[in-house]
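Inside the fold
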Amino acid sequence: MRPIEGLTAVVDLDTQEVLKIVDRGATIPIPASTNTDYRFSAQKPSRNMNRISPISTEQPAGPSFTVDDEHIVKWANWEFHLRPDPRAGVVISRAMFRDPDTGEMRNVMYKGMPSELFVPYMDPTEGWYFKTYLDAGEYGFGLQAMPLDRLNDCPNNAYFMDGVFAASDGTPYVQSDMICIFESYAGDIAWRHSESPITGMEIREVRPKMTLVVRMAASVGNYDYIVDWEFQMDGLIKIKVGLSGILMVKGSPYTNMDQVPSQENLYGTLISENVIGVIHDHYITFYLDMDVDGSDNSFMKVNLKKERVSTSESPRKSYLKAVRTVAKTEKDAQIKLKLYDPSEFHIINPNKKTKVGNPVGYKVVPGGTAASLLVLDDPPQKRAAFTNNQIWVTQYNRSEEWASGFFTYQSHGDDTLETWSNRDRPIENKDIVLWYTLGFHHIPCQEDFPIMPTVSSSFDLKPVNFFERNPILHMPPNIIEDLPACQSVAAS
């Protein structure tokens, strides 16, 4: 938050020699430290902020999930293996769901994890052009995971799991409280329906939505990433990424925007006196080895097409038609999301169908995301070519797990997800891997300083004809007798 701007050293790490020192910041002052301490103990009491009462989740009968053999998590109809990983952070393996009608344990996903993070800063000047990071491959996403703060990172009912890693000299060490697991209820509704009064039937059926959350948080230098895997009772998996922490800032001679010449590019926003928050992106690419009712799956694009209707056929003039296309090879499954050309993206098992003849499947449901706008031959974009599309599907290969390549340091982009996909191998009715990239454009603002309120986005893996019907019809409603007997305090 107090950069010494314009001072850059070039060091040969092999010889440990300083090759060059560049100082172009003689006219740029070091920003003052006023109001940069974000710790609660440093804050002055505010008369203008109303305190809220704390909220706690209590489970007098204990949690509904178990952790067997330290890694096998069982909750509701879900069962999966959970482990910390030095590069990926959290790895979910062998995710299975017990069919509520047949009792069969059905495969959903063999392995899921963050594969790589790409964070390019949008300042091409001498002291900044190289600030384009591949956080998992260069630093280790799991190695940067910090102990979670009980009651603040995770609620009162959370279970904690340690990570055990090897230091650079091979010495094992424990990363305590790296992952937390907890049941969550935010007042959301799983499903509901009330019959209209005109039917004469007084029916109102509602079910509360409870979920199981697996969480980790990594502090990669200045930025903090919160990654949640949220398992729902209806078979859906929500993967959410939150961004917080401290902006990477640039020193500036300016204390007010009135001083900035109109033709000058700041490469960001003046967020405090002598401080610029530089524009940047975040991309998190997930490796999702889907095994929907077995290892041989296919990727199907379901495109919504506008169809026009003649006036002789209907008073309507148009409608939407679903056009299903199964990808034959990897290049068929290189997908850029388009708002005005919408599609669904299904992983199906063509060898297993429902009673009415639909192939069982799961679909990836994008949330808010962003796409890289860098030119394709820009060196950092070549290294991060896995962000050229939001969705890829590749044939399974044991050596292809890390989207930036197995060896990321000083890579030139010749062993990335794009390279593998361009081999154009067959993927129909094969063991395939789905890749999804979640993206953020970040134009900093003053509210991000000195610490950034969390901004989040997510995507879903949702059953699509996987079950014969709604899988949570058997779920009972809440009744007051089942809830903890808490003493309420009347509001003054």
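Structure shown above.
Computed from a predicted model, the values in this text were never measured in an experiment.

1. Considerations on the environment of Thr-132
Position of Thr-132 relative to the elements: it lies in strand β8 (residues 132-134). Sequence spacing of Thr-132 and Ala-158 is 26 residues, and the spatial spacing of their C-alpha atoms is 35 Å. When sequence neighbours within four positions are dropped, the list of residues in contact with Thr-132 reads Phe-118, Val-119, Pro-120, Tyr-121, Pro-380 and Arg-383.

2. Examining the side chain of Asn-157
Checked against the element boundaries, Asn-157 lands in the loop between α1 (135-138) and β9 (159-166). Taking relative accessible area as the criterion, Asn-157 reaches 12% and is therefore assigned buried. Of note is the side chain of Asn-157, whose polar atom sits 3.2 Å from the side chain of Gln-59. At 3.1 Å, the side chain of Asn-157 and the backbone oxygen of Glu-183 are in polar contact. Ignoring any residue separated from it by four or fewer positions in sequence, one finds Asn-157 in contact with Thr-57, Gln-59, Ile-181, Phe-182 and Glu-183.

3. Brief notes about unusual backbone geometry
Look at the link from Phe-449 to Pro-450: it is a cis peptide, with omega at 0°. Of note, Pro-450 is situated in the loop between β25 (430-442) and β26 (452-464). A positive phi angle, near 50°, is found at Arg-94, a position not held by glycine. Residue Asp-177 is not a glycine yet carries a positive backbone phi of 50°. As for its position among the elements, Asp-177 is in strand β10 (residues 172-184).

What counts as what
Residues numbered from 1 in each chain as written. Predicted model: local features only at pLDDT ≥ 70, side-chain atom pairs only at ≥ 80, totals over all residues. Heavy atoms only, no water. Helix = DSSP H or I, 4+ residues; strand = E, 2+ residues; numbered from the N terminus. Contact = heavy atoms within 4.5 Å. Buried < 20%, exposed > 50% of the residue type's maximum accessible area, 1.4 Å probe, protein only. Polar contact = N/O pair within 3.5 Å; in protein donor to acceptor, adjacent residues only side chain to side chain.

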